Amino acid sequence: MWLKPEEVLLKNALKLWVTQKSSCYFILQRRRGHGEGGGRLTGRLVGALDAVLDSNARVAPFRILLQVPGSQVYSPIACGELLNGSDVYWAIATGATLEEINQHWDWLEQNLLHTLSVFDNKDDIASFVKGKVKALIAEETSSRLAEQEEEPEKFREALVKFEARFNFPEAEKLVTYYSCCCWKGRVPRQGWLYLSINHLCFYSFFLGKELKLVVPWVDIQKLERTSNVFLTDTIRITTQNKERDFSMFLNLDEVFKVMEQLADVTLRRLLDNEVFDLDPDLQEPSQITKRDLEARAQNEFFRAFFRLPRKEKLHAVVDCSLWTPFSRCHTTGRMFASDSYICFASREDGCCKIILPLREVVSIEKMEDTSLLPHPIIVSIRSKVAFQFIELRDRDSLVEALLARLKQVHANHPVHYDTSADDDMASLVFHSTSMCSDHRFGDLEMMSSQNSEESEKEKSPLMHPDALVTAFQQSGSQSPDSRMSREQIKISLWNDHFVEYGRTVCMFRTEKIRKLVAMGIPESLRGRLWLLFSGAQVDQSVFEELIKGHLPELAEHMNDLSALASVSLSWFLTLFLSIMPLESAVNVVDCFFYDGIKAIFQLGLAVLEANAEDLCSSKDDGQALMILSRFLDHIKNEDSPGPPVGSHHAFFSDDQEPYPVTDISDLIRDSYEKFGDQSVEQIEHLRYKHRIRVLQGHEDTTKQNVLRVVIPEVSILPEDLEELYDLFKREHMMSCYWEQPRPMASRHDPSRPYAEQYRIDARQFAHLFQLVSPWTCGAHTEILAERTFRLLDDNMDQLIEFKAFVSCLDIMYNGEMNEKIKLLYRLHIPPALTENDRDSQSPLRNPLLSTSRPLVFGKPNGDAVDYQKQLKQMIKDLAKEKDKTEKELPKMSQREFIQFCKTLYSMFHEDPEENDLYQAIATVTTLLLQIGEVGQRGSSSGSCSQECGEELRASAPSPEDSVFADTGKTPQDSQAFPEAAERDWTVSLEHILASLLTEQSLVNFFEKPLDMKSKLENAKINQYNLKTFEMSHQSQSELKLSNL
């Protein structure tokens, strides 16, 4: 094992070691006196010395040295030795056997030997190797401790470092960690890989340089094992823009498996809505541990292998042996016990498999323990059949758990069946574990082979072969009598099989039944056996990889396998029923119900292999489609009892010459012989691998469809829109990571329209607004974000979509001045501004905003500018354009105007032209206050009576004249009725826009170009920090409240 590096001095030591292997950096040696036949005197002395020493003082017989060319030091990695006159070295690991030390040597060759050549400094080589070995020691220690307790001290230390280095909220649970290297170009960075429930993280501090990586699992598009120039085996993580390679793991297989499972679990939880609802484990991510992942992987293999319901949960896996009467011996294998099933699978693949639903189990009993039958139990089922299991460890606790689940199943699902049927069964002869008995599935009754023929005529006439013959009126190439004779032969073979292996769901499933299925199930038995052999789902990406592995020449010719994928999609969706003659397609369904999706994979490969030559010579996808369609259309079933039924694709074949016919039995046999080597484990591994790509492909499709809709409607560059979409989606995801689901923030649902799949709530919008909006107003930013969200939330469901988000940003960044002012105006009237809106003291109390200021202002050069004429003309122009607007906005009250001015003041803060902008806005505010007071006075004087109002309106001056009336005096009506006066004070969007246009500095501010790219770059860096800061601040506030 690896040892902590320790400096050892052995000056003038004897030659106690013999070199057995060497390379440019490493030397493997054996201690004299170990592994020698006779041995010389030195070897005998060393051997005797090692033998008499206490076990704690004995020296391991094997070691490895680090040899750095040009260095004066040799570092023993597996227990060291003096070399080349040097008497300083480091003992790092020991090997008690040659096999153990060779494992260390192989690891060094595969992971370190090629890497060391990239270092120029010899001291760096020694430091790197010693650091790597120390990390391996720490990992070995943590692994051993993890086996002894749930949260060992080492894991707690790693958790503290993980939290300190990455500053995630407490909800980000660390699952496990590993020592490894992350490659940055040609240079490896030694560090620690942390795998949490939502992220893959890496931290390194090596030679004074810090490297910190954070990759969300949902951003990973590909996770694969690969190799590079320096290493033969690495793990490559591919995201949208980067590839990262990780290597030098102590156990790479384990690491890759855990990473694969975590990526799969996270993607299913966050992106696959259907699986989330069906899998309760995904709904509690904070409870996921490394052991849970291992149990989950075993559970999924169990369900896939026996093709059981998704909700079935595995409880125990026990080594045992099962008595198999057809082989007259006990067959070794494993028992799988779940919620509702007891299953068995032999060690030898295909030898024997059984599935015992607990609803069919009558009793589970322990038998007397003997030398011939150690630790036996008997499982009896309703059909008076018993299964004998032996060599069960911890039998008592296993039987106790099985009986508890059996009681629960019978309580939840009571089964009633006719006692008369049981009386009839009692007269039958049963072998010790044969199953040729009655079995009911609803109204369907599985009869024993002795009376099946008679009962078929009485109970199921529609399923008799004669009924199928009369159902078709077409004539085939063979006579009905010939077809019926083949059907009778099949029925006889199946009945013989039922007698020996059983005919219910509890039958022995062996390689023999697979061959019978491949030949084709008889029509009289097909419906019943389909009920017994059910399950499995399709993953198209797995089929593409199988094509590359089994048909490389075809895959090379068709560089883009998407054409084959689109053609073969219907094969998987309809099990060949829609593209093959019906009498042939039912044989495919036979195989599917027995072997699951594996049968469709291998049959698809057989179809492509049979047409490989023609496909390789095809010129385009259309010709390839024609080749496959003609082949499938001419697949016949010579054994079918009924006349042939034409395929729906016959119109594809317009050749004058007859096309060769392929028999379905021959095609299925070839598929099993040539491509039947795929195991359930391999298929499940491929599904893990490709599920990431498939889900990410769906995400990319969603993204492209959303962008395609949004791009024509905004002026933001497409690449910036893509960055905004990623930020929008990440904000949604971070809330899924660390927050409890809120009623309004529903999860991602792929069934929704593309634009509605990701939506954010007010708090998430506030984060994005702060990160990417150009209208940042300091402490006022959060209030402005709340108003913007209320404005965009048209349907008031407390959620907004990406399109609304970017439309608002587009006005802020690329809109003309009038569009920006109109948006600001709308943000300060209902529904954006509410009665309960958060605000602080109004800046209008500043003396600069006094309404008694004159309308003539001095300039620095001494000139005076009179705005009256200019403003009158602007109002006239706006009045002409008023009719052209889409919808007139309501006027702004005094309270709303105060908030509008406050926002403008906040926006100008820290601007380079801050002083000029403040002076300009003070001038404009004065103008607008006077305009509002004029409207207020007109409203007050018009409140006498309707008749008086008509007269006053007839004699009133024009609006543009009244704007500039004498405002030095306060209207008496306003003083007498202050509340009514404040209520009647209003200004319109036209007034505000015209006033702002009088100040060039304000015009320049709203029309200056804004840089979105810099905002986006900062947002990508700070998005996580902003979220974690908010959550840590929130948790501290909750802690303070709990302590009160």
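Cut-offs used in this document
Residues numbered from 1 in each chain as written. Predicted model: local features only at pLDDT ≥ 70, side-chain atom pairs only at ≥ 80, totals over all residues. Heavy atoms only, no water. Helix = DSSP H or I, 4+ residues; strand = E, 2+ residues; numbered from the N terminus. Buried < 20%, exposed > 50% of the residue type's maximum accessible area, 1.4 Å probe, protein only. Contact = heavy atoms within 4.5 Å. Areas by Shrake-Rupley, 256 points an atom, 1.4 Å probe, with all protein chains shown as cover. Pairing = 2+ DSSP bridges. Axes fitted to C-alpha atoms, helices over the stretch in contact; angles between N-to-C directions. Polar contact = N/O pair within 3.5 Å; in protein donor to acceptor, adjacent residues only side chain to side chain. Salt bridge = Lys/Arg side-chain N within 4 Å of Asp/Glu carboxyl O. Core = buried A, V, L, I, M, F, W, Y, C linked by side-chain atoms within 4.5 Å. 1 Å grid on protein atoms, 1.4 Å probe; cavity = no way out; pocket = protein on both sides within 12 Å on 5 of 7 lines; lining within 4 Å. Points joined across faces, edges and corners; volume = space filled by probe spheres on them. Nonpolar A, V, L, I, M, F, W, Y, C, P; charged D, E, K, R; others polar. Parallel < 35°, antiparallel > 145°, perpendicular 65-115°, else oblique. Left-handed = near helix turned anticlockwise from the far one by under 90°. Phe/Tyr/Trp six-rings, centres within 6.5 Å; stacked < 30°, edge-to-face > 60°. Lys NZ or Arg CZ within 6 Å of the ring centre and 35° of its normal. Expected span 1.5 Å × (residues − 1). Bend = angle between axes of the 7 residues up to and from the residue. pLDDT = per-residue confidence, 0-100. Patch = residues over 30% accessible without salt bridge, like charges linked within 9 Å, V, L, I, M, F, W, Y side chains within 5 Å. Lys, Arg positive; Asp, Glu negative; His and termini not counted. Charge placed at Lys NZ, Arg CZ, Asp CG, Glu CD.

**Re the overall build of the protein**
If you tally the helices and strands in the protein, you get 38 helices and 30 strands. Among the 1044 residues that make up the protein, the fraction classed as buried is 50%. A sequence separation of at least 24 residues applies to 66% of the contacts in the protein between residues at least 6 apart. Total accessible area computed for the protein in this model is approximately 51,200 Å², and 50% of it derives from carbon and sulfur atoms.

**Some thoughts on the sheet that holds strand 7 (residues 174-184)**
One open sheet holds the seven strands; their spatial order is 10-9-8-7-13-12-11, and the pairing between them is antiparallel. In this open sheet, the two strands that pair with only one neighbour each are strand 10 (209-216) and strand 11 (222-226). Adjacent strand axes in the sheet meet at a mean angle of 30° when their direction is disregarded.

**Re helix 25 (residues 762-772)**
Along an α-helix, a turn takes 3.6 residues, which lines up residues three or four apart on a common side. Within helix 25, eight of the 11 residues are buried, which leaves it mostly tucked inside the rest of the structure. Taken as a whole, helix 25 has its buried residues at Gln-764, Phe-765, Ala-766, His-767, Leu-768, Phe-769, Leu-771 and Val-772. The residue sitting at the N-terminus of helix 25 and contributing the capping side-chain oxygen is Asp-761; that oxygen lies 3.3 Å from the backbone nitrogen of Arg-763.

**Structural notes on the pattern of salt bridges**
By the definition in use, this model includes 24 salt bridges. Across the pair Asp-264 and Arg-268 runs a salt bridge, and its minimum N-O distance is 3.3 Å. Placement of the pair is Asp-264 and Arg-268 together in helix 5 (residues 252-271), with a separation of four residues, close to one helical turn. The partner of Lys-1020 in a salt bridge is Glu-1017, with the nearest N and O atoms 3.3 Å apart. Within this pair, Lys-1020 and its partner Glu-1017 are both found in helix 38 (residues 1012-1043), separated by three residues, close to a single helical turn.

**Some words on the nonpolar core**
Membership of the largest hydrophobic core comes to 122 residues, with the highest contact counts inside it found for Leu-193, Phe-246, Met-259, Leu-724, Phe-802 and Phe-805. In terms of residue count, the dominant contributor to this core is helix 5 (11 residues). Setting aside anything within four residues of it in sequence, one finds Phe-805 in contact with Leu-724, Phe-728, Phe-765, Leu-768, Val-772 and Ile-800. Listed in part, the 55 residues of the second largest apolar core include Leu-516, Leu-564, Phe-592 and Tyr-594.

**A look at unusual backbone geometry**
Here the amide bond leading from Pro-830 into Pro-831 is cis, since omega sits at 5°, within 30 degrees of zero. One can find Pro-831 in the loop between helix 28 (817-826) and strand 27 (856-858). A positive phi angle is found at Asp-394, which is not glycine, with a value near 50°. Looking at where Asp-394 falls in the secondary structure, it is placed in the loop between strand 20 (385-390) and helix 8 (395-412). Not every positive phi belongs to a glycine, and Gln-798 is a case in point at roughly 65°.

**Some thoughts on the layout of surface pockets**
Taken as a whole, the second largest pocket encloses approximately 1,300 Å³ of empty space. Forming the boundary of the second largest pocket are 35 residues, of which Val-214, Pro-216, Asp-219, Arg-730 and Lys-1020 lie nearest the centre. Looking at the lining of the second largest pocket, the elements that each hand over two or more residues are helix 4 (153-166), strand 10, helix 23 (680-710), helix 24 (718-738) and helix 38. Per element, the largest residue contribution to the lining of the second largest pocket is seven residues, and it comes from helix 24. Residue composition of the lining of the second largest pocket, by class: 13 nonpolar, eight polar and 14 charged.

**Comments concerning the packing of helix 25 against helix 26 (residues 781-792)**
The interhelical angle for the contact between helix 25 and helix 26, taken along N-to-C directions, is 120°, at an axis separation of 9 Å. Accordingly, the angle class assigned to the pair helix 25 and helix 26 is oblique. As for the relative orientation of helix 25 and helix 26, their crossing is right-handed in sense. Taken together, the residues of helix 26 that come into contact with helix 25 (itself represented by Ala-762, Phe-765, Ala-766, Phe-769 and Gln-770) are Thr-781, Leu-784, Ala-785, Thr-788, Phe-789 and Leu-792.

**Thoughts on the pairing of strand 17 (residues 353-357)**
Counting buried residues along strand 17, five of its five residues qualify, which places the element largely inside the surrounding structure. Every second residue of strand 17 is oriented toward a common face, with Lys-353, Ile-355 and Pro-357 on one face and Ile-354 and Leu-356 on the other, all of them buried. Hairpin connection, strand 16 (residues 341-346) to strand 17: the antiparallel pair is bridged by six residues, and Gly-350 has positive phi, about 85°.

**Some details on the sheet that holds strand 17**
Pairing in this open sheet of seven strands is antiparallel, and the strands run 17-16-15-14-20-19-18 from one edge to the other. Two strands close off the open sheet at either side, each with one partner strand: strand 17 and strand 18 (361-366). For this sheet, the mean inter-axis angle between neighbouring strands, taken without regard to orientation, is 30°. Pairing analysis gives five bridges linking strand 18 to strand 19 (residues 377-381), with the strands arranged antiparallel. Bridge assignment links Val-361 to a residue of strand 19, and that residue is Ile-381. Packing of helix 7 (residues 290-306) onto the sheet brings it into contact with strand 14 (314-324), strand 15 (329-338), strand 16 and strand 17, and relative to strand 16 it is tilted by some 80°. The strands touched by helix 8 within the sheet are strand 14, strand 15, strand 16, strand 18 and strand 19, with strand 18 carrying the most contacts at an inclination of about 160°.

**Observations regarding the packing of aromatic side chains**
With the rule as written, the count across this model stands at 35 aromatic pairs. Between Tyr-737 and Trp-738 the ring centres are 5.7 Å apart and the planes differ by 65°, which places this aromatic pair in the edge-to-face class. For the pair formed by Tyr-737 and Trp-738, the shared burial category is buried. Between Lys-353 and the ring centre of Phe-305, over which it is positioned, the NZ or CZ distance is 4.8 Å.

**Points about the pairing of strand 13 (residues 243-247)**
Across the five residues of strand 13, four count as buried, placing the element largely inside the fold. Relative to strand 13, strand 7 runs antiparallel, the two being bridged by three bridges. Residue Cys-182 lies in a different strand from strand 13, and its bridge partner there is Phe-246. Inspection of the sheet shows strand 12 (residues 234-238) paired to strand 13 by four bridges, in the antiparallel sense. When the sheet's bridge partners are listed, Thr-238 is paired in strand 13 with Glu-243.

**Considerations on helix 23**
When the terminal C-alpha atoms of helix 23 are compared, their 44 Å separation across 31 residues agrees well with the 45 Å that a helix rising 1.5 Å per residue should span. Largest kink in helix 23: about 30°, centred on His-690.

**Thoughts on the confidence of the model for the protein**
Confidence in the prediction for the protein averages 74 pLDDT; 68% of positions are at 70 or higher. In the model, residues 78-87 has pLDDT below 50 throughout and makes 46 contacts with residues more than four positions away in sequence or in other chains. Taken as a whole, residues 417-477 scores under 50 in pLDDT and shows 114 contacts with residues more than four places along the chain or in a different chain.

**Considering a positive patch on the surface**
Taken together, Lys-4, Lys-134, Lys-154 and Lys-161 make up a surface patch of like positive charges. For Lys-4, the position within the fold is in strand 1 (residues 2-9). Residue classification places Lys-4 among the exposed residues on the basis of a relative accessible area of 62%.

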